[in-house]
Amino acid sequence: MTARRNKISVIGAGFVGSTCAHWAAARELGDVVILDINEGAAKGKALDLFQASPVFKFDTQVKGTSNYEDIAGSDVVIITAGMPRKPGMSRDELVGINAKIVKDVCEGVKKYAPESFVIVVCNPMDAMAVYAKKILGFPRERVIGMGGALDSARFRAFMAEELGVSIKDVNAMVIGNHGDAMMPLARLANVAGIPVTELMSKEKLDAIVARTKQAGAEIGGLLKTGSAFYAPAAGSVEMAEAILKDQKRVMSCAVELNGEYGVQGLFVGVPCVLGKNGLEKILPLELNTEEKAEFVKSVAAVQALVDGLKNVQ
Ligand code: APR
């Protein structure tokens, strides 16, 4: 009997892609393929990562390639190929450039990994997910955007730091778009069940909400070239793990809404259950008046990005 190993393909061997490969391999989620148009980068990083495996004892094959045939049979494909934001550049400006790359990539994924679950990471993710789903022609359960997992992690990290408590005990979610109009849900954030609103002043919490919204830009400003990659990769691998291990994790994911939350046909971050069927459930959430107004702004931001896609061939 041969036990089948999971296979995870990461498209893009840049900062985000190679970090995804690193964590997916180190957590032994399955065998990992790194694909990049820059074959040397994909092969070199894969070889390097494989050579680390005896040290940390992860039993994972890692292969680098520029050939889509090598992603055949993938369970999960994480799409990170694309240009990162340059300092001062908005995610929106990336639409035209990255849509061409996403088209290329999705044609390869559709042909060689037609049964895979696809996690879309490249920015502007809200629009790239829509475009990826269109090219792939996969059902919405199998095309999921990574934004909420990252933004929620940032929100939780800042709250844990401020309160001096373990990150393990902070629960919070960021919904909406993956951009300036994202919605850190401060009202529902809690530490081991205690509302965060009871543990810190409104001023402190407001400052954390504002910092969360700008967290990507803060890192980009520090790095000068390129953008964040550890936390984006962590969010991507968290989603892949939830699917591969059928964990039924509840996390904010950008999924195509078909009437849920009053939205039709757009990818917006909402609370989802991720398991072996990909998107298994969208959880309802009663937003208050203020949050509803914010959600409308978030959706409008996604719509504006998607409108930008109309000029893309
Ligand atoms: N097919 C495959 N790989 C491609 C293609 C393509 N058509 N076009 C570009 N790439 C590869 C590049 O060769 C490069 O190795 O994508 C990789 C991108 O890597 P980086 O420039 O390091 O970018 P990174 O920081 O990883 O960000 C990638 O994720 O978080 C988002 O905003 C970020 O959109 C950006 C993406």
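How each quantity is defined
Residues numbered from 1 in each chain as written. Predicted model: local features only at pLDDT ≥ 70, side-chain atom pairs only at ≥ 80, totals over all residues. Heavy atoms only, no water. Disulfide = S-S within 2.5 Å. Buried < 20%, exposed > 50% of the residue type's maximum accessible area, 1.4 Å probe, protein only. Pairing = 2+ DSSP bridges. Helix = DSSP H or I, 4+ residues; strand = E, 2+ residues; numbered from the N terminus. Domains from an automatic or database assignment. Contact = heavy atoms within 4.5 Å. Buried area = accessible area lost by both parts, 1.4 Å probe. Salt bridge = Lys/Arg side-chain N within 4 Å of Asp/Glu carboxyl O. Polar contact = N/O pair within 3.5 Å; in protein donor to acceptor, adjacent residues only side chain to side chain. Core = buried A, V, L, I, M, F, W, Y, C linked by side-chain atoms within 4.5 Å. Phe/Tyr/Trp six-rings, centres within 6.5 Å; stacked < 30°, edge-to-face > 60°. Lys NZ or Arg CZ within 6 Å of the ring centre and 35° of its normal. Axes fitted to C-alpha atoms, helices over the stretch in contact; angles between N-to-C directions. Parallel < 35°, antiparallel > 145°, perpendicular 65-115°, else oblique. Left-handed = near helix turned anticlockwise from the far one by under 90°. Nonpolar A, V, L, I, M, F, W, Y, C, P; charged D, E, K, R; others polar.

Disulfide: a covalent bond formed between the sulfur atoms of two cysteine residues. The tally for this structure, following the rule as stated, stands at zero disulfides. Among the cysteines around Cys-122, which has no disulfide bond, Cys-106 carries the closest sulfur, lying 7.8 Å off. In this structure Cys-122 comes out as buried when scored by relative accessible area, which is 5%. The thiol sulfur of Cys-272 is not disulfide-bonded, and the nearest other cysteine sulfur, from Cys-253, lies at 4.6 Å.

Bringing the sheet that holds strand 10 (residues 190-191) into the picture now. Within the open sheet, the three strands sit side by side as 7-10-11. Their pairing is antiparallel. Since the sheet does not close on itself, it has two edges, and those belong to strand 7 (170-171) and strand 11 (194-195), each with one partner. In this structure, strand 7 lies alongside strand 10, joined through two bridges in antiparallel fashion. Considered in strand 10, the bridge of Val-170 is made with Val-191.

Bringing the pairing of strand 13 (residues 264-275) into the picture now. Counting buried residues in strand 13 gives 10 out of 12 residues, a clear majority hidden from the surface. Alignment of strand 12 (residues 249-258) against strand 13, held across nine bridges, turns out to be antiparallel. Within strand 13, the residue paired with Arg-249 across the bridge is Leu-274. Hairpin remark: strand 12 followed by strand 13, antiparallel, with five residues in the connecting loop; positive phi at Gly-259, about 105 degrees.

The next subject is the domain arrangement of the protein. With domains assigned, the protein is organised as domain 1 (7-147) and domain 2 (148-311). Taking only C-alpha atoms, the centre of domain 1 and the centre of domain 2 are 21 Å apart. Facing the 39 residues of domain 1 at the interface are 47 residues of domain 2. It is Asp-126, Arg-140 and Gly-147 in domain 1 that bury the most area against domain 2; as a group they hold 19% of the surface buried on that side. Between domain 1 and domain 2 we count three salt bridges in total. Its salt-bridge partner being Arg-140, residue Glu-260 comes within 2.9 Å of it at the nearest N-O pair. Linking domain 1 with domain 2 are 10 residue pairs in polar contact (both at pLDDT 80 or more), by the criterion used here. Of all the elements in the fold, those that place two or more residues in the side of domain 1 that touches domain 2 are helix 1 (15-26), strand 4 (76-79), helix 3 (95-112), strand 5 (117-120), helix 4 (125-136) and strand 6 (143-145).

Moving on, we come to the nonpolar core. Judged by nonpolar contacts, the single largest core of 89 residues is most densely connected at Ile-11, Val-109, Met-128, Met-239, Val-255 and Phe-295. Counting residues domain by domain, this core receives three or more from each of domain 1 (7-147) and domain 2 (148-311). Counting residues in hydrophobic clusters, the runner-up holds 17 residues, among them Met-159, Val-174, Ala-186 and Val-191.

Inspection of every chain in the model, using the stated rule, returns four aromatic pairs. Ring geometry for Phe-229 versus Tyr-230: centroids 4.6 Å apart, planes at 35 degrees, classification tilted. Phe-229 gets classed as buried once you look at its relative accessible area, which sits at 18%. An aromatic cluster of at least three residues, connected via ring pairs, comprises Phe-15, Trp-23, Phe-229 and Tyr-230. Lying over the aromatic face of Phe-138, Arg-142 brings its terminal NZ or CZ to 4.3 Å of the ring centre.

The full count for this structure, using the stated rule, is 21 salt bridges. Residue Lys-276 pairs with Asp-246 through a salt bridge whose shortest N-O separation is 3.9 Å. Taken together, the residues Lys-276 in the loop between strand 13 and strand 14 (278-282) and Asp-246 in the loop between helix 8 (230-244) and strand 12 connect sequence positions 30 residues apart. On the basis of relative accessible area, Asp-246 is assigned to the partly exposed category, the value being 26%. The salt bridge partner of Lys-310 is Asp-307, with a shortest N-O separation of 2.9 Å. A residue is classified by how much of its surface remains accessible, and Lys-310, at 62% relative accessible area, is exposed. Here the residues in one salt-bridge network are Asp-246, Lys-248, Lys-276 and Glu-280, joined through shared partners.

Here we take up unusual backbone geometry. Backbone torsion omega between Asn-123 and Pro-124 reads -5 degrees, so that peptide bond is classified as cis. With respect to the helices, strands and loops of the structure, Pro-124 is situated in the loop between strand 5 and helix 4. With phi around 50 degrees, Asp-246 is a residue other than glycine that occupies positive phi space.

Moving on to the packing of helix 4 against helix 9 (residues 289-309). The contact between helix 4 and helix 9 brings their axes to 8 Å, and the two run at 50 degrees. Looking at the two axes, helix 4 sits oblique to helix 9. Handedness of the helix 4/helix 9 crossing: right-handed. Counted together, Asp-126, Ala-127, Met-128, Val-130 and Tyr-131 of helix 4 and Val-302, Leu-305, Val-306 and Leu-309 of helix 9 form the full contact between these two elements. Taken together, the residues that form the contact of helix 4 with helix 9 break down as eight nonpolar, no polar and one charged.

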